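# Tertiary structure, described
Given next are the chains, with one letter for each unit.
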Amino acid sequence: MKLSTAHIIRQRIDEDKASYKASDNISKYIKEGEIDSLVDEVESAFGNVLDTLIIDVENDNNSRDTARRLAKMYVYELMSGRYQPHPKVTAFPNNGPDRFEGMLTVKAELVSMCSHHHQPVKGVAIIGVIPTGEVIGLSKYVRLAQWCARRGQLQEELANQIAREIQKATDTENVAVYVEATHGCMEHRGVMAHSSLTQTTVVHGLFHNDAVKSEFFNNVKNQMRHC
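Residues numbered from 1 in each chain as written. Predicted model: local features only at pLDDT ≥ 70, side-chain atom pairs only at ≥ 80, totals over all residues. Heavy atoms only, no water.

## Here's the deal with helix α1 (residues 5–15)
To be explicit about the condition: Each residue is placed in one exposure class: buried if its accessible area under a 1.4 Å probe, protein chains only, is under 20% of its type's maximum, exposed if it is over 50%, and partly exposed if it falls in between. Strands here are runs of E lasting at least two residues and helices are runs of H or I lasting at least four, both read from the DSSP assignment and numbered beginning at the N terminus. Throughout, the arc means that of the directions going from the helix axis to the C-beta atoms.
Of all the positions in α1, only Thr 5, Ile 9, Arg 12 and Ile 13 are classed as buried. Projection of α1 onto a plane perpendicular to its axis shows the buried side chains occupying an angular sector of 100 degrees, all on one side. Positive phi shows up at Lys 17, right after α1, with a value of about 55 degrees.

Spelled out as structure tokens, the structure:
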């Protein structure tokens, strides 16, 4: 019996005794060409779901290709941060008489997914960095944050992940991350809280200093005015 691509990938992960939670990146265990095969298998699985929901995908024009659309959306978009490798990030030296010693604050727009109900999570991350030896291009802060976000996530977990990735990329402990988002699982089901907004903050290094923390949150307020 031929094993599915998903089963083969899972075997590699298990042999390495690694984790494959919804928020994990598993790209190192995926070989060339397997992503397309995985999409085919996800399409088949979603087709079974639609069939079980008693949706006539043969005669309902609106639902005919839904399984394929869902598969591509999950693998290539909503959860692409699980399957795509780490974005390439080039660090530049920050030294000499003209070195930057202030605070850099960058806003990244995010789309993520709640791993409990697979509902969209939409918002922004405000990233604060006080560089020591290295800096990275402005777009790379955004790319790293979006790469972390496009998985099944909890917002608290996402803020921590973004902070860790920025710390590694810039080789500094001095990182703060503020995430503000709306959650589909709050808006579309359960409490139906359409005005609900969730905010999470993590601070490291110099951002534990009250004056530095205050400057960061002033920058957050300025950034949010342009949302």
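## Let's talk about the sheet that holds strand β6 (residues 175–183)
Operational definition: Any two strands with at least two DSSP-identified bridges between them are counted as paired. Whether two residues touch is decided by their heavy atoms; if any such pair falls within 4.5 Å, the residues are in contact. The axes are straight lines fitted to the C-alpha atoms, using for helices just the contacting stretch, and the angles between their N-to-C directions are given from 0 to 180°.
In spatial order, the strands read β5-β2-β3-β6-β7; together these 5 strands make up an open sheet with mixed pairing. Two strands lie at the open edges of the sheet, namely β5 (152–153) and β7 (198–203), each paired on one side alone. Note: strand β3 (residues 120–129) against β6, 9 bridges, orientation antiparallel. Looking at β6, one finds that Val 124 is bridged to Glu 180. Against the sheet, helix α5 (residues 138–149) contacts β2 (104–114), β3 and β5, and its axis sits at roughly 20 degrees relative to β2. Running at roughly 145 degrees to β6, helix α6 (residues 155–170) makes contact with β2, β3, β5, β6 and β7 of the sheet.

## Regarding a nonpolar patch on the surface
Spelled out, the test is: Residues with no salt bridge and a relative accessible area higher than 30% make up the patches, which join like charges within 9 Å and nonpolar side chains (Val, Leu, Ile, Met, Phe, Trp, Tyr) within 5 Å. Computed with a 1.4 Å probe, the accessible areas rest on the Shrake-Rupley method; for each residue, only the protein chains presented here act as cover. What counts as a salt bridge is simple: a side-chain nitrogen of Lys or Arg found within 4 Å of a carboxyl oxygen of Asp or Glu.
Together, Val 49, Leu 53 and Ile 55 give the surface a local cluster of nonpolar side chains, amounting to about 240 Å² of exposed area. Given a relative accessible area of 55%, Leu 53 falls into the exposed group.

## Thoughts on the pattern of salt bridges
Inspection of the entire model under this criterion finds 5 salt bridges. Across the pair Glu 43 and Arg 68 runs a salt bridge, and its minimum N-O distance is 2.8 Å. In this pair, Glu 43 sits in helix α2 (residues 34–52) while Arg 68 sits in helix α3 (residues 66–78), placing the two residues 25 residues apart along the sequence. Among the residues examined, Arg 68 registers a relative accessible area of 31% and is labelled partly exposed.

## Considerations on the nonpolar core
Note the following rule: The criterion is simple. A nonpolar core is a set of buried Ala, Val, Leu, Ile, Met, Phe, Trp, Tyr and Cys residues joined through side-chain atoms within 4.5 Å.
Of all hydrophobic cores here, the largest spans 23 residues; its most connected members are Leu 110, Ile 127, Tyr 141, Ile 162, Ile 166 and Val 177. Those elements giving two or more residues to this core turn out to be β2, β3, α5, α6 and β6. Setting aside chain neighbours within four positions, we find Ile 127 in contact with Leu 104, Thr 105, Val 106, Tyr 141, Ala 145, Ile 162, Ile 166, Ala 176 and Phe 216. Ile 13, Leu 38, Met 79 and Met 113 belong to the second-largest nonpolar core, a separate cluster that totals 18 residues.

## Regarding the packing of α2 against α3
Which entries qualify depends on this criterion: Any angle that falls under 35 degrees is termed roughly parallel, while one over 145 is termed roughly antiparallel, one within 65 to 115 roughly perpendicular, and all others oblique. Should the near helix be turned counterclockwise from the far one by less than a right angle, the crossing is left-handed, whereas a clockwise turn marks it as right-handed. Each residue gets one label: Ala, Val, Leu, Ile, Met, Phe, Trp, Tyr, Cys and Pro are nonpolar, Asp, Glu, Lys and Arg are charged, and the others, such as Gly, are polar.
Where α2 meets α3, the axes come as close as 8 Å, and the angle between the chain directions of the two elements is 130 degrees. The pairing of α2 with α3 is recorded here as oblique in orientation. In the packing of α2 onto α3, the handedness of the crossing is right-handed. On α3, the residues touching Ile 35, Asp 36, Val 39, Asp 40, Val 42, Glu 43, Phe 46, Gly 47 and Leu 50 of α2 are Thr 66, Ala 67, Arg 68, Leu 70, Ala 71, Lys 72, Tyr 74, Val 75 and Tyr 76. Residues of the contact of α2 with α3, tallied by class, amount to 11 nonpolar, 2 polar and 5 charged.

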